[in-house]
Amino acid sequence: MKILKSIADVRTFGKVAAGSVGFVPTMGALHQGHLSLVERSRNETDLTIVSIYVNPTQFNNQNDLANYPDTLTLDLQMLEAAGVSAVFMPTYELLYPDNFAYEVDEKQFSRELCGANRPGHFTGVLTVVMKLLNIVKPQKAYFGEKDFQQLSLVKGMVEAFFLETEIIGCPIIREDDGLAMSSRNLNLTSCDRGKSPLFNKLLSNAMLSDEEIQTRLDLAGFEVDYVVTKDGRRFGAVVMGDDAGPVRLIDNVEVVS
Ligand code: PAF
């Protein structure tokens, strides 16, 4: 597995290694959800490139950025064992030579759900994904459906800017108790981890309205950001933990009517 640290490294790697390229962008702290994207890419393309980069421009809360889990040594071992061809590990200076003077902004859906209380979050996501796609130039790029809003905004950006990458959404991978796998789960206290499956359990309860779910989550001690049903899906975001170590969880389920 090659470690690529410059744009020239990535471009040369893509040219020398013949075949189609599948790309999995990540912020590290990898889990089975990421590995499912890698596996899908390995099945559908000749070479899989994974990026590991904790993108500061998508964090509107500096505590969240500072507390983002870092498990790099383990991540690289997992990727090597999963048969990844190369890992791209850029720095801020490499990705943002313009110091974020240029950005990609979506003006509708990015303002809803996770975007409503996290101003600028999706602008940071779309900008870094645009940069990564332009550097790696993959035929296919893989994103998890846990971040369904992110997936749909990335698909929209690719269409709007005529990018040549096919964006592929992959199903949410869950723990046995229903909690959606997420890098942030590593930061849950054991008490919050014990409580956390209730979030998915309530979201999946078709007998309850969004408001009823919100009330039950409040009563159970979750700080609710939103519970919203839209376009056949119920989306939710909650915060667990305290001000010193808040952990944001998101999830979504299909609503069968
Ligand atoms: O989903 C993530 O891990 C990030 O938002 C992404 C797509 C790697 C962009 O930083």
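Treat the numbers as computed from the prediction; the structure is a model and nothing was measured.

What counts and how
Residues numbered from 1 in each chain as written. Predicted model: local features only at pLDDT ≥ 70, side-chain atom pairs only at ≥ 80, totals over all residues. Heavy atoms only, no water. Helix = DSSP H or I, 4+ residues; strand = E, 2+ residues; numbered from the N terminus. Rg over C-alpha atoms; globule rule 2.2 N^0.38 Å. Buried < 20%, exposed > 50% of the residue type's maximum accessible area, 1.4 Å probe, protein only. Contact = heavy atoms within 4.5 Å. Areas by Shrake-Rupley, 256 points an atom, 1.4 Å probe, with all protein chains shown as cover. Lys, Arg positive; Asp, Glu negative; His and termini not counted. Charge placed at Lys NZ, Arg CZ, Asp CG, Glu CD. Near = heavy atom within 4 Å. Polar contact = N/O pair within 3.5 Å; in protein donor to acceptor, adjacent residues only side chain to side chain. Nonpolar A, V, L, I, M, F, W, Y, C, P; charged D, E, K, R; others polar. Arc of directions from axis to C-beta. Salt bridge = Lys/Arg side-chain N within 4 Å of Asp/Glu carboxyl O.

Let us now look at the overall build of the protein. Helix and strand counts for the protein stand at ten helices and nine strands. Relative to the globule expectation of 18 Å for 257 residues, the C-alpha radius of gyration of the protein, 18 Å, shows essentially globular dimensions. Seen through its C-alpha atoms, the protein measures out along the principal axes to roughly 55 × 40 × 40 Å. Taking all 257 residues of the protein together, 50% fall into the buried category. Residue pairs in contact within the protein that sit at least 24 positions apart in sequence constitute 70% of those at least 6 positions apart. With an accessible surface of roughly 12700 Å², the protein has 51% of that area assigned to carbon and sulfur atoms. Distance from the positive charge centre (24 side chains) to the negative charge centre (34 side chains) of the protein: 4 Å.

Right, let's talk about the site of the ligand for a bit. In the region of the ligand, the neighbouring residues are P25, T26, M27, N55, Q58, V128, F143 and Q150. Interatomic distance of 2.7 Å between a side-chain N/O atom of Q58 and an oxygen atom of the ligand. Within the contact set of the ligand, an oxygen atom lies 2.7 Å away from a side-chain nitrogen or oxygen of Q150. Summarising the interface, the protein chains cover 88% of the accessible area of the ligand, which totals 290 Å² for the free molecule. A breakdown of the residues in the shell around the ligand according to their chemical character gives four nonpolar, four polar and no charged.

Along helix α10 (residues 210–219), the residues that are buried comprise D210, I213 and L217. Seen along its axis, α10 keeps its buried residues to an arc of 65°; they face one direction. Every exposed residue of α10 that faces more than 90 degrees away from the buried side is listed here: E211 and L219. Here the buried face of α10 lies against α9 (197–203), β7 (223–230) and β8 (233–240). Just downstream of α10, G221 is the residue with a positive phi angle, here 95°.

Here we take up the pattern of salt bridges. Proximity of charged atoms lets side chains of opposite charge pair with each other. Considering all chains together, one arrives at twelve salt bridges under this definition. One salt bridge connects D210 with R234, and the closest N-O pair in it is separated by 2.9 Å. Of the two residues, D210 is situated in helix α10 and R234 in strand β8; the sequence distance between them amounts to 24 residues. Of the two residues examined, D210 and R234, each falls in the buried class.

A few words now on unusual backbone geometry. Even without being a glycine, N99 presents a positive backbone phi close to 50°. Following the sequence through the fold, N99 ends up in the loop between α5 (92–95) and α6 (121–136). A positive phi angle, near 50°, is found at K137, a position not held by glycine. Summarising the element assignment, K137 is placed in the loop between α6 and β5 (140–144). For K137, a relative accessible area of 51% puts it in the exposed group.

By themselves, these figures tell us nothing about what the structure is for.
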